[in-house]
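Remarks on the overall topology
One-letter residues, chain by chain:
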Amino acid sequence: MVLWFRSCPVTLWLALAALLSTVLGLGEDLDRPLFGPPGSPIRLHESDPGLKKALDFAEERYNRGSNAMHFRRVSQFISATKQLVKGIRYTITVEVSNTQCKKSAMLRTCDFYPETQKLKTELCVFEVWDVPWQGTLTLLKQKCMPKVESQVEETNKVEDPSTSQASKESVELLGHFKEFMVKFNKVYSSQEETDRRLQIFHENLKMANKLQALDQGSAEYGVTKFSDLTEEEFRSTYLNPLLSQWTLQRHMKQAPPARGPAPASWDWRDHGAVSPVKNQGMCGSCWAFSVTGNIEGQWFLKNGKLLSLSEQELVDCDGVDQACRGGLPSNAYEAIEKLGGLETETDYSYTGQKQTCDFATNKVAAYINSSMELSKDEKEIAAWLAENGPVSVALNAFAMQFYKRGVSHPFKIFCNPWMIDHAVLLVGYGERKGIPFWAIKNSWGEDYGEQGYYYLYRGSNACGINKMCSSAVVN
């Protein structure tokens, strides 16, 4: 790769530079920094071409959603920033006023009213998300309020029309944060830490709102027990980055296809093959819970008895995986074969941290003979699951941090299928009001999602749900 860049022709470098400046809108204002810290806002000049496109789009959507008789246009540009966040997010503050054109007139030019009282000017904040490589624009936020005419007092102090609104929003935010702390029993070590968590909580509310606005299913996103964690804290504590490292996976034999087509719906909870929802705690051991859940189902189908098997045994005794720092189901199956089986949860209880291996052969409650990987076709996965039991799977869990209920169908840009980072258990599938879903048993406790379950859209390989499907074999 280094040699390629060194041999790259100068003309190609110029072309790449031109493309970058076009995509990022950096062709002007060269005196300002091109990039701040990753994801930080960059102030824009009114003439920025990307900003012009975003503002035209916001104006068009504003008029489409307005019940006003007259067409309204931007009458005053105030400020704008952009952030490079999985695309380009523009935050634009402008004044919008009435023109003399009725919406039905379709005139080429639309002049503003000369009389101030007829302008009915509003102060608006628009957030527009531009994904240049997809050619899509989305209006994430539109917030408008009547413009309050500035009055010069004896002190020459100009009243800020947004002050009262900002104060109201701050009170509401503090109220939501207090409810969050009480509901999830959150206690912080200092006032400084409390203030920091409040800021993170605020940013997470914005992200949850964006997921909500862009979700293509029926999901509800909002405040969860993870709402005071940064994305990095959430990933490093509860997720499993090793899952996306394909070179680390052990090769498994291919599972034979199902004997028949998938029924319209199926749920192994209705057939006694799924144990209660568990909680991995602050440990990236989802891989162990995914695998034990699969084996619990396989053992039930072969022996007619549902056991709750030990994840802690894998955390302590699997010498290939990395305990709370992540692991792979393929490695876990192999470790169980070598150990000779799994103890029950009662005999080898979960602590959520790696300890000395305390496995006892005479306490083995279930064993496996081998393991296999499934097809990556969702219809075939559904057919196999209905015939053979719950399936160990993995997915990109970005949207799961703020998931509350419903069928989640995040935009692909939020849920890259090649960046899977969480292992779970597929227990069934079906439809809700015409929306096809996978029923997924998670390992974050019953106070997560729908009694510990996550429902994900089925049929589009959403979040990489089809990438790593596997099962143990019990003869």
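Read on for an overview of the structure. (Residues numbered from 1 in each chain as written. Predicted model: local features only at pLDDT ≥ 70, side-chain atom pairs only at ≥ 80, totals over all residues. Heavy atoms only, no water.)

**Quick word on the packing of aromatic side chains**
Evaluation of the coordinates by the stated rule reveals 24 aromatic pairs. Plain terms: the ring middles of F180 and F184 are 5.6 Å apart, the flat faces sit at 55 degrees to each other, and that makes the pair tilted. On the basis of relative accessible area, F180 is assigned to the buried category, the value being 2%. Measuring from centroid to centroid gives 6.0 Å for F398 and F414, while their planes differ by 5 degrees, and the two rings are stacked. Here F398 is found in the loop between β10 (391–395) and β11 (403–405), whereas its partner F414 is found in the loop between β12 (407–408) and β13 (422–432), with 16 residues between them in sequence. F414 shares its class with F398; the two are buried. Here the aromatic cluster, defined as three or more aromatic residues joined through ring pairs, consists of F226, F234, Y238, Y403, W444, Y448 and Y454. Over the aromatic face of W438 sits the side chain of R458, whose NZ or CZ is 5.9 Å from the ring centroid. The aromatic ring of W418 is capped on one face by K467, whose charged end is 3.4 Å from the ring centroid. (Phe/Tyr/Trp six-rings, centres within 6.5 Å; stacked < 30°, edge-to-face > 60°. Buried < 20%, exposed > 50% of the residue type's maximum accessible area, 1.4 Å probe, protein only. Helix = DSSP H or I, 4+ residues; strand = E, 2+ residues; numbered from the N terminus. Lys NZ or Arg CZ within 6 Å of the ring centre and 35° of its normal.)

**Quick look at the pairing of β13**
Counting buried residues along β13, 9 of its 11 residues qualify, which places the element largely inside the surrounding structure. Counted along the chain from β13 to the antiparallel partner strand β14 (residues 435–441), the turn is 2 residues long, and its residue K433 has a positive phi close to 50 degrees. (Pairing = 2+ DSSP bridges.)

**Section: the nonpolar core**
It is characteristic of soluble globular proteins that their nonpolar side chains tend to be buried jointly. If you look at the biggest cluster of nonpolar residues, it comprises 61 residues, and the most contacted ones within it are L426 and Y454. Only β4 (122–131), α6 (191–214), α7 (231–238), α11 (378–388), β10, β13, β14 and β15 (453–457) provide two or more residues apiece to this core. Each of two domains, domain 1 (42–146) and domain 2 (231–473), supplies a minimum of three residues to this core. Excluding its chain neighbours within four sequence positions, the residues that come into contact with Y454 are L395, A399, M400, Y403, S408, P410, W438, A439, I440 and Y448. (Core = buried A, V, L, I, M, F, W, Y, C linked by side-chain atoms within 4.5 Å. Domains from an automatic or database assignment. Contact = heavy atoms within 4.5 Å.)

**Some points on the sheet that holds strand β2 (residues 70–84)**
What the 5 strands build is an open sheet, ordered β1-β2-β3-β4-β5; its pairing is antiparallel. The sheet is open, and its two borders are formed by β1 (42–43) and β5 (136–146), each paired with just one other strand. Packing of helix α3 (residues 49–65) onto the sheet brings it into contact with β2, β3 (88–102), β4 and β5, and relative to β2 it is tilted by some 135 degrees. Sheet contacts for α6: β3, β4 and β5; angle to β5, the most-contacted strand, approximately 115 degrees. (Axes fitted to C-alpha atoms, helices over the stretch in contact; angles between N-to-C directions.)

**With respect to the pairing of β2**
Examined bridge by bridge, β1 and β2 share 2 bridges and lie antiparallel to one another. Pairing of I42 across the sheet is with K82, part of β2. The pairing of β2 with β3 spans 12 bridges and is classified as antiparallel. In the sheet register, T81 faces β3, and the bridge partner there is T91.

**As for the pattern of salt bridges**
This model, assessed by the stated rule, comprises 20 salt bridges. Across the pair D130 and K53 runs a salt bridge whose closest N-O atoms are separated by 3.3 Å. Here the residue D130 occupies a position in strand β4, and K53 occupies one in helix α3, the gap between them amounting to 77 residues. For K53, a relative accessible area of 41% puts it in the partly exposed group. Here E334 ties to R250 by a salt bridge, and the two come within 3.6 Å at their closest N and O atoms. Taken as a pair, E334 in helix α10 (residues 329–339) and R250 in the loop between α7 and β7 (253–254) lie far apart in primary sequence, 84 residues in all. By relative accessible area, E334 is classed as partly exposed at 26%. According to the relative accessible area criterion, R250 is partly exposed, its value standing at 24%. Connected through shared salt-bridge partners, E193, R196, R197 and E233 make up one network. (Salt bridge = Lys/Arg side-chain N within 4 Å of Asp/Glu carboxyl O.)

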